[in-house]
Number of protein chains: 2
Amino acid sequence: MVLSEKPGNGGARPGGRTARVRTSVLEAAGDALAERGMDGLDLADVARRAGVGRTTVYRRWGSVPALVADLLQDMAEQSQPRAETGSLIEDLTANAHLVRETLAHPRQGPLFKAIIAAATCDERTARALHRFYEVRVREWAPCVERAVERDELPEGTDAHEVVRAVSAPLYYRLLASGGALDEETAERSARAAVAAARAGVYVR
Amino acid sequence: MVLSEKPGNGGARPGGRTARVRTSVLEAAGDALAERGMDGLDLADVARRAGVGRTTVYRRWGSVPALVADLLQDMAEQSQPRAETGSLIEDLTANAHLVRETLAHPRQGPLFKAIIAAATCDERTARALHRFYEVRVREWAPCVERAVERDELPEGTDAHEVVRAVSAPLYYRLLASGGALDEETAERSARAAVAAARAGVYVR
DNA sequence: CGCTTAATGGGACTATAATCCCGTTAGTGG
DNA sequence: CCACTAACGGGATTATAGTCCCATTAAGCG
């Protein structure tokens, strides 16, 4: 995790400017991805938005997927708030609304689309994406585990799979079938996940 | 209508060669997309594979998303077999297995990924994709409608939404969270859809 | 506060994708 | 079977993405 050791072996310089460049480039990349999508992304344009030389972007990231992978790692690090109301359906509904708001957001939605598109083109980006969702799922799994402890759900229920089941219908709409990402859809996906979990579908 | 004016739309020649070119180009495009993904797609390469001049591909389709949109229309036309066993869970499990086999297929899986990536970049391609799934969903909806008639599911159940619920977890794995697209996953998504539908989640 | 050098930035340079031009091929209708 | 022309194919041309070179800037350190 540590970027560099003591300046005895390599002499890396992660401080000041380098970090500032990374921040502004990732932000500019997010903006550009949200606006133009992943195929319309020009690294020279990203550099211009970030107020940085083209050469720098090409040297440090080299390709669109590599840049997206770094962006994802950055996004995974900023953690999201999690609900914990004591009721499974309320917790999962809160999660569904959070996901829905993100995907329906004028900047975040297109950004996620672009990132997922980039992940289909590049294995490293795909792995970064999978890690991102693993982090998010892990944050919400305790809601389900508590419900198992309260005997709301059968013993042995796969908490991660239940959390994923809440997101799946929303992403399916966003990427495949189309249709509105409204609040009713969010609530329905939460209720569906709970109904299936109660029926023991996610028992390992 | 005046017959002697323009034959067809304006002297168009949809016969023989033109149709042959379209077929071979779409097939080559499918191959190339499955192999290299949507960003690695070079129209010149597609032309070479199809045994067709580059100029032809650029003239008739012009861009990658336009080509993908045409490919999708072609795919939507070739209808898939549908199960009808008389049992909802068996029908939806058959559907889930069909979807799973497609997405896990060494050619079809990457092809679908690439198509969905292309749809995130281009509005027309996205609409073609939505139509594609609408056609597929419409084919399977009767299974659910029968189940409603048999009182297996509550009155007013949205058949289309139930069918979509079967696919959603599989696509979510393919595109977002990662993980194996195995038969257990397919069966679980079918059972989850049935459990949620029985609970009245998809009642309009 | 200077010294060393990692990291940056601008511009020239190269590679590849997309377009244009024009002669050739082959559906279509008579 | 022939004439007409839509549609095609190859090569030249142009546009754009990506790389390289080298002078300049500033982080890390004594």
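Not measured: the values here are computed from a predicted model. (Residues numbered from 1 in each chain as written. Chains lettered and ligands numbered in written order. Predicted model: local features only at pLDDT ≥ 70, side-chain atom pairs only at ≥ 80, totals over all residues. Heavy atoms only, no water.)

From N to C terminus, chain A includes nine helices and zero strands. For chain A, the N- to C-terminal ordering of α and β elements is α-α-α-α-α-α-α-α-α. With respect to the principal axes defined by its C-alpha atoms, chain A has extents near 55 × 45 × 25 Å. Within the span of chain A, comprising 204 residues, buried residues form 52% of the whole. A sequence separation of at least 24 residues applies to 65% of the contacts in chain A between residues at least 6 apart. Looking at chain A as shown, the accessible area adds up to about 9800 Å², and 47% of this sits on carbon and sulfur atoms. (Helix = DSSP H or I, 4+ residues; strand = E, 2+ residues; numbered from the N terminus. Buried < 20%, exposed > 50% of the residue type's maximum accessible area, 1.4 Å probe, protein only. Contact = heavy atoms within 4.5 Å. Areas by Shrake-Rupley, 256 points an atom, 1.4 Å probe, with all protein chains shown as cover.)

What follows covers the interface of chain B and chain A. By a frequent convention, interface size equals the accessible area lost on bringing the separate parts together. Across the boundary between the two partners, chain B contributes 30 residues, which contact 30 residues of chain A. Summed over both partners, the interface of chain B with chain A buries about 2900 Å², with 68% contributed by carbon and sulfur atoms. Where chain B touches chain A, the interface holds four salt bridges. Residue Arg 188 of chain A is joined to Glu 161 of chain B by a salt bridge in which the shortest nitrogen-to-oxygen separation is 3.7 Å. At the boundary of chain B and chain A, one finds two residue pairs in polar contact (both at pLDDT 80 or more). (Buried area = accessible area lost by both parts, 1.4 Å probe. Salt bridge = Lys/Arg side-chain N within 4 Å of Asp/Glu carboxyl O. Polar contact = N/O pair within 3.5 Å; in protein donor to acceptor, adjacent residues only side chain to side chain.)

With that settled, consider helix H4 (residues 64–77) of chain A. An α-helix turns once per 3.6 residues; consequently, residues spaced three or four apart project the same way. Residues and elements named next belong to chain A. Here H4 spans 20 Å end to end across 14 residues, near enough to the 20 Å set by a 1.5 Å rise per residue. Burial within H4 is extensive, with 11 of its 14 residues counted as buried. Among all positions in H4, only Val 64, Pro 65, Ala 66, Leu 67, Val 68, Ala 69, Asp 70, Leu 71, Leu 72, Met 75 and Ala 76 are buried. Of the surrounding secondary structure, the elements contacted by the buried residues of H4 are helix H1 (16–36), helix H2 (43–50), helix H6 (108–121) and helix H7 (123–149). (Expected span 1.5 Å × (residues − 1).)

Below, the discussion takes up the UniProt feature "DNA-binding region" (unreviewed entry) in chain A. When the UniProt feature table is mapped to this numbering, "DNA-binding region" (unreviewed entry) covers residues 42–61 of chain A. A distance of 13 Å separates the end C-alpha atoms of residues 42–61 of chain A, which is 75% helix and 0% strand. (UniProt positions renumbered as here; feature names shortened; annotations may be inferred.)

Residue and element names in this part refer to chain A. Under the domain assignment used here, chain A contains domain 1 (17–75) and domain 2 (82–198). Taking the mean C-alpha position of each, domain 1 and domain 2 sit 27 Å from one another. Contact residues are listed per partner, giving 14 residues for domain 1 and 16 residues for domain 2. Roughly 1300 Å² of surface becomes buried between domain 1 and domain 2 when both sides are summed, with 76% attributable to carbon and sulfur atoms. Summed over the three residues of domain 1 that lose the most area to domain 2, namely Met 38, Leu 72 and Met 75, the buried surface amounts to 44% of that side. Linking domain 1 with domain 2 are one salt bridge, by the criterion used here. Notably, a salt bridge pairs Asp 31 with Arg 107, separated by 2.1 Å at the nearest N-O pair. Our count for the contact surface shared by domain 1 and domain 2 stands at two residue pairs in polar contact (both at pLDDT 80 or more). (Domains from an automatic or database assignment.)

On to the relation of the copies chain B and chain A. Take chain B, turn it by 180 degrees, move it 0.0 Å along the axis, and it overlays chain A with an RMSD of 0.1 Å. A rotation of that kind, with that shift, is consistent with a two-fold axis. When C-alpha positions in chain B are compared against the rotation axis, the closest is assigned to Ala 117 of chain B, at 2.2 Å. Interface overlap between copies: 100% of the residues of chain B at the interface are likewise at the interface in chain A, consistent with a symmetric, same-surface contact. (Least-squares fit on C-alpha atoms with pLDDT ≥ 70 in both.)

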